[in-house]
Amino acid sequence: MGRELDLTLQGDDVLSIARDENGVPHVRAVFDTDLLRGMGYCHAVDRGIALRVTKAIAWGRATEWLSDTDELFGIDCAMRRLGLYVDAEEEVAKMPAAQRALLDAYVDGVNRGMEATGVPWELRSVGFVETPYTGADCVLLTRLMAWAGLAQSQGEMERLLIEMVQAGVPRGHLDGLFGGHLEDLDPWLLRRVTLGERVVPMGTRWVSAIPTAVASNNWVIAGDRTASGKPILANDPHLDVARLPAVWYEIVLEGPDNRAMGATMPGLPAILVGRNDTMAWGVTYAFMDSVDSWIEECKEGAYRRFDNGRERWLSFRVRDEVISRRKKGKQRLAVYSNDHGVLDGDPQVPGFYLTTRWASAEKTGAISLTVMLSLLRVSDTASALRLLGHIETAWSFVAADQDGHIGFQMSGKMPKRPSGRNGMVPLPGWDPNNDWSGFIGSDRLPWLLDPPEGYFVTANQDLNAYGKSRPINLAMGAWRADRIANLLGERRDWTIESVRKLQLDLHSDHAMTYLERLRPLLPPKGSGADALRSWDGAYDPALTAPTYFERFWRALLVEVFSSWLGPAVLAHLLDETAIVADFYDGFDRCLLDPQSPWYGDRKIDEVWRDVADKTLGKGGAGKAAAWGKHNRIVQRHLLFGGKLPAFLGFDVGPIELPGGRASINQGQVFRSGGRDTCFAPSY
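Residues numbered from 1 in each chain as written. Predicted model: local features only at pLDDT ≥ 70, side-chain atom pairs only at ≥ 80, totals over all residues. Heavy atoms only, no water.

Considering the side chain of Asp292
Positionally, Asp292 belongs in strand E11 (residues 291-299). On the accessibility criterion, Asp292 (4% relative accessible area) is buried. Of note is the side chain of Asp292, whose polar atom sits 2.9 Å from the side chain of Trp436. Excluding its chain neighbours within four sequence positions, the residues that come into contact with Asp292 are Glu158, Thr355, Thr356, Arg357, Arg417, Gly423 and Trp436. (Helix = DSSP H or I, 4+ residues; strand = E, 2+ residues; numbered from the N terminus. Buried < 20%, exposed > 50% of the residue type's maximum accessible area, 1.4 Å probe, protein only. Polar contact = N/O pair within 3.5 Å; in protein donor to acceptor, adjacent residues only side chain to side chain. Contact = heavy atoms within 4.5 Å.)

Concerning helix H13 (residues 479-488)
Think of an α-helix as turning once every 3.6 residues; residues three or four places apart then point the same way. Burial within H13 is extensive, with eight of its ten residues counted as buried. Burial in H13 covers these residues: Trp479, Arg480, Ala481, Arg483, Ile484, Ala485, Leu487 and Leu488. Each element contacted by the buried residues of H13 is listed here: strand E4 (215-221), strand E5 (232-239), strand E22 (455-458), helix H14 (496-503), helix H15 (509-518) and helix H19 (579-591).

A look at unusual backbone geometry
The omega torsion across Gly653 and Pro654 is 10 degrees, close enough to zero to call that bond cis. Take Pro654: it is sitting in strand E24 (residues 652-656). Residue Asn308 is not a glycine yet carries a positive backbone phi of 55 degrees. Inspection of the secondary structure assignment puts Asn308 in the loop between strand E12 (302-307) and strand E13 (310-315). With relative accessibility at 85%, the residue Asn308 sits in the exposed group.

Focus on the pattern of salt bridges
Within this structure, the stated rule accounts for 44 salt bridges. Note that Glu321 is salt-bridged to Arg80, the shortest N-O span being 2.9 Å. Here Glu321, found in strand E14 (residues 317-325), pairs with Arg80, found in helix H4 (residues 70-82); they are 241 residues apart in sequence, far enough to count as distant. By the burial criterion, Glu321 is buried, and Arg80 matches it. With its nearest N and O atoms 2.9 Å apart, the salt bridge here joins Asp530 to Arg533. With Asp530 and Arg533 both in helix H16 (residues 527-533) and three residues apart, the pair spans about one turn of that helix. By relative accessible area, which is 35% here, Arg533 ends up partly exposed. One network of salt bridges, with partners in common, ties together Asp34, Arg37, Asp108 and Arg112. (Salt bridge = Lys/Arg side-chain N within 4 Å of Asp/Glu carboxyl O.)

This is the structure:
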């Protein structure tokens, strides 16, 4: 395709690809296999760089296929330890014949597209090593897109808990921050654990080839609340948009008796957000806790275990990874694991270490791909929800059909933990009573069909109330979800235009809740105080008030939490990790609680007044720029971002982002793993 606007390919029959006036490709074919073949071809031609770079990282071969840098070597080591690729080929073989044929056709299209265009010059310039695309690559991507920044962030919070215990943070302080999920906490035991990978300083995070998809909104409105009498479904995935090319790829698939359209992700044979002729679906991330750690006592390469009351020392499984670095030759990495996951440490050195397991890291992919491929022809909401519940990674789906039915379904492999255990705290690995015993059925995950309110909203909030299990321990704040739900409930004449306006809403109830206490404490003079006295909570790029509020909020975080964490640690969490961006709700819980032990002997109003004087008063931190000047990004090229002169056009920006962490139109800008990133509407 590339330069060509129209072409035909020979597949099981003849298929055609043509761009519309917006550049969106339309694939037309008689057979579904050829529709998928055309999708693969388009992905390879238009998103060839992203597709290849993602594959290299997922397999832990970036220093072999891309470039031999220490940063990429760290990523290779992390991916080899995670081992998402280990059984990927076996998963392809498990797929039903009909869906396997569709997958094979997609892969054929990718390879034909790569052959037609060749390796992009940007990749040729770094000596990229080309390999054929396979079904195993698709399996790997189903896992990777759910791990990077999603399940990964949950695991990081659990490690942060250990680091805080080891730093001496008192139990009462931890209970407030972690939402009362610490029933199993044994500080004495956690202080004995040796951590190899630490959140502070943060371990290697994936490079920008892999988008972090932690935040999104979606909602669905029944026909009795719309002007047309038909349901409306809205979805705005909040991803890292500080990257080029874009994460999403729009496409239209047109067969003789069905049409499907929406957003795809290069490398996956699926429309992830979209619709067919009879129904629509949308997706956000569900903060399911599917990552657990255990404490292992190790010596001489073995770990301690009790079976029927008898102590045994068992050998770890050892995976000998060889990373072929271009410049430094072959590097060997021994990965130790047991049924509790991958060991973080050397079992030859006596001590206590963590093993960590992600429920979706293995024996997943076949079912997820089968569901994704089947979704193109699902005709009703109830059937779609039953299907979507079987996807093996954690997502929150909403759906609507032409007959008026709407619904919600959470997906993911939720571990069956021992009774009363929630997975937040690492437990002794030598006790078999602490083991998983399989996974929760999809029918016990949160779901809902035709809610009586006539609408349903997901925005990364706690959704445990809608299921027979409780998969969520830590979620994002409910501010976005609550505002959407409140506004949806106010009217019964929703239209496409009014829903679009709702998606662009910049108001933050989060900020206004702080201002209720803050306004009486504002200093009498100062540009910041004056701006916040009259602010309506809108994160408008033209206003200075959001910048002043964020200045105050950050300073309050530092003032309150530095007493135990220390200024350097807190600065790292704020400036170099996604911890606060992802889990600000826990920090808010402490900051807004007048009885929080984090305030120590000081009264909450005393602390807030002091911080307001320093940041908003006449002699404070100086005048603030408009929010848009502060909250902005540069979209950087996947390979050459920030490395070449701006006039060459590889990077775009700066671009002002409207919104804040808790507005419906979210606009969070932060740094993570050494690079600027953000959560913003991406499609």
